[in-house]
There are 2 protein chains.
Amino acid sequence: MPELRKDPIVNRWVIISSERGNRPKDFSTPEKKTNKESCPFCEGSEPLTPPEILAYRKNSPNSPGWTLRVIPNKYPALTDEGETGQITEGLYDKINGIGTHEVLIESPDHDTELELLPKTQIADSLKALRERVLALKENERFHYIMIFKNRGEPSGASLEHTHTQLIALPIVPELVSEELAGGKKHYDKNKRCIYCDLIAQELEDGRRIVCQNENFITIVPFAPRFPFEMWILPRLHSARFEECETRLFDALASSLKESLLRMRTALNAPSYNFVFHTAPVNGNHFNYYHWHIEIMPKLTKMAGFEQGTGFYINPTVPEEAAEILRETRL
Amino acid sequence: MPELRKDPIVNRWVIISSERGNRPKDFSTPEKKTNKESCPFCEGSEPLTPPEILAYRKNSPNSPGWTLRVIPNKYPALTDEGETGQITEGLYDKINGIGTHEVLIESPDHDTELELLPKTQIADSLKALRERVLALKENERFHYIMIFKNRGEPSGASLEHTHTQLIALPIVPELVSEELAGGKKHYDKNKRCIYCDLIAQELEDGRRIVCQNENFITIVPFAPRFPFEMWILPRLHSARFEECETRLFDALASSLKESLLRMRTALNAPSYNFVFHTAPVNGNHFNYYHWHIEIMPKLTKMAGFEQGTGFYINPTVPEEAAEILRETRL
């Protein structure tokens, strides 16, 4: 069973997930590339995946005829069987790796990318993600639902067919905890959401805006870790992605598509990651947390400096990155 | 001039270092490989580097005849001219990117690696690092001196000739601040150093020990972020690397060589990073901080999950990794 272990000195949890290969030879063998013929995410390959959890389709489950599918990850980082438990060994704490790991396949087409799909299809994908988050929240063992995408091998994708992942966790990730703490501090002092203030300042300044519509804004943040990093934020205060109203999904799809397309065009279709940052399942963080999507193209290698310290060197001036992205012709 | 910018929500500083290339084309052009003929770090190429700061050599400076050299980084992430300053723009804070960036070339031989050098040569390299740290500490604008190595292209090395880097910073990196806070909390409660307690527990347990000698111990930590991650710790309490006594450098060199060689042999000479973690220049952290080296082989890709959250999935059970490293025949 996978375990979650806590570093005894800093507040860092790690999933030890031995199901995924751990001997030296597992690392020295290059990963097999899946091609169209052997891709388990393609239409017609449904028997190669675990049974679907959700699909937008006309036909019966686990057969062709779908536009999107959500399936359990075949090699999950966490398991949903058993109880969390907590074991202390002297200085050390660990809990069972309770959680789930699901995959959204946004299109039956092997040769497309999320940003190339029609807006309605992207909106459907976002709605499917919301539907899964709402379902997973019912499980009281899960404290945080993380949504993220790895696109391209350098960003950690093991399959090239477009997909997004959901992981339900029994703990809240450290960075989200830090954001909550930072948001609370600002709120206690100013009685305002720091992200709302940030949006106001960015709108006033203008230099870091990539694109915007009535409901969402995409910026290059003031202190980005990575070149051409972007954040998509809802303009109206909202703590949780899953509380995003249905009427806003077209604008969200439009914003995500445009942001990704600008990055794709300006940077020659880079590998990338995105991660949804949202308030934890429990607790009331309505006032001081503001959900958003962080998009990180994979352009530079993470060097020892960054890995060892959480301290980043970014060779691109954020205002110049925003200008390049903003002025890219689509 | 490079800048240090602080994220307004979390305690994260980023170096914006535009000297190092920032336009989209800088990322799409593959890096040129340096070969032996064009390598600026080789003996005989001294005119290709900035004038040396320190060298162990028989001849006159900036000529052949050396066993190791320290030079300024030709493309520094920070500059040592000017004052830190501090500029606030609404929610945002930034300071000038004041610091230094130096490179230690541990051998004139292009075809070797640090771990393949004789123990005496490794000890000399460590002594040279200490000498530079002691010199840089004299500059009161520097609050932290970071030592790190990128070995191999996947880990961020831009030159293949063996080298280690020093960066002097006007701030303390977040992870070190967190370690200081964690150490202080434990000390306040127990009046003992948490790292000393950790060493005692690891010695008692034994499952995560990779190798040890009279003065240093190498373990796979309880909650490692990366497969086969290792920490080298001095057995006697000591807050700062630069306070390591001269009599201990043979043992430290021996420990570093053996740890790296075990990793090299077990994992087929992987790309790797190491980072020295040491107490900041200012302040007294003698009681609750314990310097150490963190070694991270580059075996898995950092996926979106990790980047977005500081939350890691490690597919290798630490006790199994330690056993493999410990039992590798050298």
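Throughout, residues of each chain are indexed from 1 in the direction in which the sequence is written. Here chains are named by letter from A upward and ligands by number from 1 upward, in the order in which they appear as written. It should be noted that, the model being predicted, local features are given only for residues of pLDDT at least 70 and side-chain atom pairs only at 80 or more, the latter also being counted only at that level, while totals for whole chains, interfaces and linings use all residues.

> Before we go on, may I ask you to explain the overall build of chain A in this structure?
Put simply, DSSP H or I for four residues or longer makes a helix, DSSP E for two residues or longer makes a strand, and each gets a number counted from the N terminus. Along chain A, the regular secondary structure elements total seven helices and 15 strands. Taken against the 2.2 N^0.38 rule, which gives 20 Å for 330 residues, the C-alpha radius of gyration of chain A at 20 Å falls within 12% of a compact globule. Structurally, chain A occupies a C-alpha span of about 50 × 50 × 40 Å along its principal axes. Within chain A, buried positions represent 53% of all 330 residues. Think of it this way: build a C-beta for each residue from its backbone, and any pair within 7 Å is a contact. Expressed as a percentage of contacts within chain A between residues at least 6 apart in sequence, the contacts between residues at least 24 apart total 67%. Here the radius of gyration uses the C-alpha set of atoms, whereas the globule reference equals 2.2 Å times the residue count to the power 0.38. Field definition: a residue is buried when 20 or more other C-beta atoms are found within 10 Å of its C-beta, exposed when 12 or fewer are, and partly exposed for counts in between, with C-beta atoms placed from the backbone.

> What's the story with the packing of helix α2 (residues 119-136) of chain B against helix α5 (residues 249-266) of chain B in this structure? I'm lost.
Pairs of packed helices are described in terms of their axes, by the angle between the two and the distance that separates them. All names here are of chain B. Orientation is described by axes fitted as lines to C-alpha atoms, over the contacting stretch for helices, and by angles from 0 to 180 degrees between their N-to-C directions. For the pair α2 and α5, interaxial distance at closest approach is 8 Å and the crossing angle is 110°. The orientation of α2 with respect to α5, classified from their angle, is roughly perpendicular. The hand of the α2/α5 crossing is right-handed. Together, K119, I122, A123, L126 and K127 of α2 and F249, D250, L252, A253, S254, L256 and K257 of α5 make up the contact between the two elements. Roughly parallel means an angle under 35 degrees; roughly antiparallel, over 145; roughly perpendicular, 65 to 115; everything else is oblique. Definitions for this section: a left-handed crossing has its near helix turned counterclockwise from the far helix by less than a right angle. A right-handed crossing has that turn clockwise.

> In this structure, what is going on with the environment of P64 of chain A? I would like to understand it.
Residue and element names in this part refer to chain A. Along the polypeptide, P64 turns up in the loop between β3 (54-57) and β4 (66-72). Residue P64 is classed as partly exposed on the basis of its C-beta count, with 13 C-beta atoms lying within 10 Å. The spacing of P64 and C42 is 22 residues in sequence and 9.0 Å in space, taken between C-alpha atoms. Once you skip the residues sitting within four places of it in the chain, P64 turns out to touch E43, G44, E46 and N59.

> What should I look at first to understand the relation of the copies chain B and chain A in this one?
One chain copy maps onto the other through a rotation about an axis and a shift parallel to that axis. With an RMSD of 0.0 Å, chain B superimposes on chain A once it is rotated by 180° and translated 0.0 Å along the axis. Overall, the copies show the geometry of a two-fold rotation axis. Interface overlap between copies is the fraction of interface residues in one copy that are interface residues in the other; for chain B against chain A it reaches 100%, indicating a shared surface. Least-squares superposition of the copies uses the C-alpha atoms of those residues scoring a pLDDT of at least 70 in each of them.

> Any chance you could explain helix α5 (residues 249-266) of chain A here in plain terms?
Since there are 3.6 residues in each turn of an α-helix, residues three or four apart along the chain are aligned in direction. The end-to-end C-alpha distance of α5 of chain A is 25 Å, a good match for the 26 Å that 18 residues give at a rise of 1.5 Å each. Where α5 of chain A ends, the next residue or the one after it, N268 of chain A, has phi of about 65°, a positive value. Here, expected helix span is obtained from the residue count minus one, scaled by 1.5 Å.

> What is the right way to look at the pairing of strand β14 (residues 292-297) of chain B in this model?
Residues and elements named next belong to chain B. For β14, the tally of buried residues reaches six of six residues, placing the bulk of the element in the interior. Pairing geometry for strand β12 (residues 230-234) and β14, over three bridges, is antiparallel. When the bridges of β14 are listed, I232 appears paired with I293. At least two DSSP bridges between two strands are needed for those strands to be called paired. When strand β13 (residues 272-277) meets β14, the two strands line up antiparallel, connected through six bridges. Bridge pairing in β14 links Y272 to P297.

> What am I meant to see in the sheet that holds strand β3 (residues 54-57) of chain B here?
Strands pair in a sheet through their backbones, by hydrogen bonds, and they do so in one of two ways: parallel or antiparallel. Residue and element names in this part refer to chain B. Spatially, β3-β4-β7-β9-β8-β13-β14-β12-β11-β10 is the arrangement adopted by the ten strands of the open sheet, whose pairing is antiparallel. Two strands bound the open sheet, and with one partner strand each, they are β3 and β10 (209-212). Between one strand and the next, the sheet's axes are offset by a mean angle of 15°, whatever the strand orientation. As judged from the four bridges shared by strand β11 (residues 216-219) and β12, these two strands associate in the antiparallel manner. Directly across from I217, in β12, lies its bridge partner L233. Taken strand by strand, helix α7 (residues 318-327) contacts β10 and β11, and its axis lies near 35° from that of β10.

> Explanation requested: the environment of E179 of chain B in the structure shown.
Looking at the secondary structure, you find E179 of chain B in helix α3 (residues 174-190). Residues E179 of chain B and H290 of chain B lie 111 residues apart in sequence; the distance between their C-alpha atoms is 9.5 Å. Residue contacts for E179 of chain B: discarding those within four places in its chain leaves I9 and V10 of chain A together with H277 and Y289 of chain B.

> In this structure, what is going on with unusual backbone geometry? I would like to understand it.
Most of the time, phi is negative for any residue but glycine, and the peptide bond is trans. The backbone of K191 of chain A shows a phi angle near 60°, a positive value even though the residue is not glycine. In the Ramachandran plot, F228 of chain B falls in the positive-phi region, its phi being about 65° despite a non-glycine side chain. Within the secondary structure layout, F228 of chain B lies in the loop between β11 and β12. The class for F228 of chain B is buried, based on 28 C-beta atoms found within 10 Å.

> Would you mind showing me how to read the interface of chain B and chain A here?
Accessible area lost on assembly of the parts is the figure often given for the size of an interface. The partner chain A presents 76 residues to the 76 residues of chain B that form the contact. Residue contributions to the side of chain B that touches chain A peak at seven residues, all from α3 of chain B. Of the residues in the side of chain B that touches chain A, the class split is 41 nonpolar, 21 polar and 14 charged. As defined by bridge partners, strand β15 (residues 312-314) of chain A adjoins strand β2 (residues 13-16) of chain B across three bridges and the pair is classed as parallel. If you follow I313 of chain A over to β2 of chain B, its bridge partner there is I15 of chain B. Residue polarity is assigned by list, with Asp, Glu, Lys and Arg as charged and Ala, Val, Leu, Ile, Met, Phe, Trp, Tyr, Cys and Pro as nonpolar; anything else, Gly included, falls into the polar class.

> Could you clarify how one ought to interpret α2 of chain B in this entry?
All names here are of chain B. Its 18 residues place the ends of α2 26 Å apart at the C-alpha level, agreeing with the 26 Å of an ideal helix rising 1.5 Å per residue. Regarding α2, the residues found buried are Q121, I122, A123, S125, L126, A128, L129, R132, V133 and L136. Contacts made by the buried residues of α2 are with β3, β4 (66-72), β7 (100-105), β8 (144-151), β9 (163-169) and α5.

> It is not clear to me how the sheet that holds strand β5 (residues 87-89) of chain B should be interpreted in this structure. Could you clarify?
A sheet is described by the order of its strands in space; here five strands give the open sequence β15(A)-β2(B)-β1(B)-β6(B)-β5(B), paired in mixed fashion. Two strands bound the open sheet, and with one partner strand each, they are β15 of chain A together with β5 of chain B. Ignoring strand direction, the axes of neighbouring strands in this sheet form an average angle of 25°.

> Is there a simple way to explain the confidence of the model for chain A in this structure?
In regions of low pLDDT, the predicted coordinates are not meant to be interpreted in detail. Mean pLDDT over chain A: 92, with 93% of residues reaching 70 or higher. In the model output, the complex is listed with pTM 0.93 alongside ipTM 0.90. Each residue carries a pLDDT score, the predictor's confidence in it, ranging from 0 to 100.

> Can you walk me through the nonpolar core in this structure?
Note that soluble globular proteins tend to have their nonpolar side chains buried in a common cluster. In this usage, the nonpolar core is the set of buried Ala, Val, Leu, Ile, Met, Phe, Trp, Tyr and Cys residues whose C-beta atoms join them within 7 Å. Ranked by internal contacts, the top residues of the largest apolar core, which has 93 residues, are I15, I145, M230, M263 and L325 of chain A. Excluding residues that lie within four positions of it along the chain, M230 of chain A makes contacts with V210, T218, I219, V220, S259, M263 and I295 of chain A. In terms of nonpolar packing, the next biggest core, distinct from the first, is built from 92 residues, I15, L169, V210 and L260 of chain B among them.

> I tried to follow the environment of G310 of chain A on my own but got confused; where do I start?
Relative to the assigned elements, G310 of chain A resides in the loop between α6 (304-309) and β15. G310 of chain A sits 135 residues away from L175 of chain A along the chain, and the two C-alpha atoms are 11 Å apart. Those residues within four positions of G310 of chain A in sequence are excluded, and the remaining contacts are R12, P173, E174, L175 and G310 of chain B.

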